[in-house]
Amino acid sequence: MSNPGGTLWVVATPIGNLEDLSPRARQVLVRAAAIAAEDTRHTRPLLRHYGIRTPLVAVHEHNEAAVVPALIARLQAGDDLALVSDAGTPLVSDPGFVLVRAARAAGLRVAPVPGPSALIAALSVAGLPSARFAFEGFLPAKAGARRARLAALVGEPRTLIFYEAPHRLQEMLDDLLAVFGAQRSAVLARELTKLHEIVLDGTLAALRERVGTDADQRRGEIVLLVAGNEAEDAQALGAGRRLYRLLCAELPPARAARIAAEFTGAPRRALYAAGALDDVPDGSA
Ligand code: SAM
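A quick note: this is a predicted structure, and the numbers were derived from the prediction, not measured.

Turning to the site of the ligand, a few remarks are in order. The environment of the ligand is made up of 19 residues, and the closest members are Asp-94, Ser-117, Ala-118, Tyr-163 and Ile-222. Ser-117 has a polar side-chain atom sitting 2.7 Å from an oxygen atom of the ligand. With respect to the ligand, the backbone of Leu-192 contributes an N or O atom lying 2.9 Å from a nitrogen atom. For the ligand, whose unbound accessible area comes to 570 Å², protein coverage reaches 90%. Breaking the shell around the ligand down by element, the ones donating at least two residues are β7 (159–164) and β10 (222–226). Among the residues making up the shell around the ligand, the classes are represented as ten nonpolar, four polar and five charged. Split by domain, the shell around the ligand shows at least three residues from each of two domains, domain 1 (7–116) and domain 2 (117–285).

Before going further, it helps to spend a moment on the packing of helix α6 (residues 143–153) against helix α7 (residues 169–180). For the pair α6 and α7, interaxial distance at closest approach is 10 Å and the crossing angle is 40°. Classed by the angle they form, the pair α6 and α7 counts as oblique. Of the two possible hands of crossing, α6 and α7 adopt the one that is right-handed. Each of Arg-146, Arg-147, Leu-150, Ala-151 and Leu-153 in α6 lies in contact with α7, whose residues at this interface are Glu-171, Met-172, Asp-175, Leu-176, Val-179 and Phe-180. Its residues placed into classes, the contact of α6 with α7 shows seven nonpolar, no polar and four charged.

What follows concerns the sheet that holds strand β5 (residues 109–113). Reading across the sheet, the five strands line up as β3-β2-β4-β1-β5 and stay open at both edges, with parallel pairing between neighbours. Edge positions in the sheet fall to β3 (56–58) and β5, since each has one partner strand and no second. Across the sheet, the mean angle separating the axes of adjacent strands is 25° when strand polarity is ignored. When strand β1 (residues 7–11) meets β5, the two strands line up parallel, connected through five bridges. Paired with Thr-7 across the bridge in β5 is Arg-109.

Let us now look at the domain arrangement of the chain. Assigned domains of the chain: these are domain 1 (7–116) and domain 2 (117–285). One C-alpha centre belongs to domain 1, the other to domain 2, and the line joining them spans 34 Å. On the domain 2 side, the residues contacting the nine residues of domain 1 number twelve residues. Taken together, the two surfaces of domain 1 and domain 2 that pack against each other cover about 670 Å², and 61% of this comes from carbon and sulfur. The largest share of the area that domain 1 buries against domain 2 comes from Ile-15, Val-92 and Ser-93, three residues that together contribute 66% of it.

The subject of this paragraph is helix α2 (residues 40–49). Residue pairs spaced three or four apart in an α-helix point in one direction, given the helix's 3.6 residues per turn. Residues of α2 that are buried: Thr-40, Thr-43, Leu-46 and Leu-47. For α2, the angular spread of the buried residues around the axis is 120°, confining them to a single face. Along α2, exposed side chains directed more than 90 degrees from the buried face belong to Arg-41 and Arg-48. Looking at the buried side of α2, the elements it contacts are α1 (23–31), β2 (34–37), β3 and β4 (81–84). Between the side-chain oxygen of the N-cap and the backbone nitrogen of Arg-41 there are 3.0 Å, and the N-cap of α2 in question is Asp-39. Following α2 by one or two positions, Gly-51 adopts a phi angle in the positive range, close to 65°.

Across the six residues of strand β8 (residues 185–190), five count as buried, placing the element largely inside the fold. Note that β8 and strand β9 (residues 198–203) share six bridges and pair antiparallel. What sits directly across from Ser-185, in β9, is Thr-203.

Pairs of aromatic rings are described using the distance from one ring centre to the other and the angle between the two planes. On inspection of all chains with the given rule, the structure shows two aromatic pairs. On the numbers, 4.9 Å between centres and 70° between planes, the contact of Phe-135 with Tyr-163 is edge-to-face. Taken together, the residues span a long stretch of sequence, with Phe-135 in strand β6 (residues 133–138) and Tyr-163 in strand β7 at a distance of 28 residues. Residue classification places Phe-135 among the partly exposed positions, given a relative accessible area of 29%. Note on Phe-138 and Tyr-163: the rings are 5.7 Å apart at their centroids and 65° apart in plane angle, and the pair reads as edge-to-face. A residue pair is termed long-range when its members are at least 10 positions apart, and Phe-138 in strand β6 and Tyr-163 in strand β7 qualify at 25 residues.

Cut-offs used in this document
Residues numbered from 1 in each chain as written. Predicted model: local features only at pLDDT ≥ 70, side-chain atom pairs only at ≥ 80, totals over all residues. Heavy atoms only, no water. Near = heavy atom within 4 Å. Polar contact = N/O pair within 3.5 Å; in protein donor to acceptor, adjacent residues only side chain to side chain. Areas by Shrake-Rupley, 256 points an atom, 1.4 Å probe, with all protein chains shown as cover. Helix = DSSP H or I, 4+ residues; strand = E, 2+ residues; numbered from the N terminus. Nonpolar A, V, L, I, M, F, W, Y, C, P; charged D, E, K, R; others polar. Domains from an automatic or database assignment. Axes fitted to C-alpha atoms, helices over the stretch in contact; angles between N-to-C directions. Parallel < 35°, antiparallel > 145°, perpendicular 65-115°, else oblique. Left-handed = near helix turned anticlockwise from the far one by under 90°. Contact = heavy atoms within 4.5 Å. Pairing = 2+ DSSP bridges. Buried area = accessible area lost by both parts, 1.4 Å probe. Buried < 20%, exposed > 50% of the residue type's maximum accessible area, 1.4 Å probe, protein only. Arc of directions from axis to C-beta. Phe/Tyr/Trp six-rings, centres within 6.5 Å; stacked < 30°, edge-to-face > 60°.

The following block contains the structure:
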């Protein structure tokens, strides 16, 4: 009988509290022939905590394409391998996509060992609508590209989830305020499952104020959630965008935005943001 090959186990690991490793994840990590880890220095303390001695292989965004063929060869030879990232679920704003795609293309078994992920942990405690949500990961670091992405999301009715680095949090909140308006509800979830865990909710204006005056809120690991644009707002925005663009052919942008906002109820700032982007689909086709 031909060798069916080993399994690539995609294993979620804790996002702060080491006790959040599931018993099944531990068993898979113990039994695997090797653990492919984003940063072996980061994964070692977790393995030490659980007395796991499985050898580690580094697989990160800079070497993933180069090491994948050797890992696929090991799987084809019958080894079971585990894939972990520094924290949470691999492939979620983390490496692993190239390996998982290659393993699937080779007809190998790829199996999840689900567990922590910061976006789901944050959503589960945010108190924002959670039936539908859109995960945006990290937005571009450059201001122009970041604002363009936010402008494209302004009518999004689903709860929006972002990852953000602490040193960019104030800039990100400034941009969110400018594009989504001061009154949009938002949640800042920081250091989840860790000693200084905190979940702050309020309007974007209130959160911006708190982060500006309290340096502690600009530290650690951060998930930002923004309430979606409710259906009526989204409709008003669509109508507002179309009217704004028509009026811009005849009037200066400030007047066009004022009239379009007054007529449709869409927020004026959102119309400017949309007007700056010619390629934002507005559903008017
Ligand atoms: N794969 C991970 C997951 O499943 O959540 C995400 C990896 S991404 C490189 C790291 C980002 O996730 C951090 O910059 C932060 O935005 C978020 N994050 C990770 N751990 C967190 C925590 N304990 N509290 C809040 N956010 C966290």
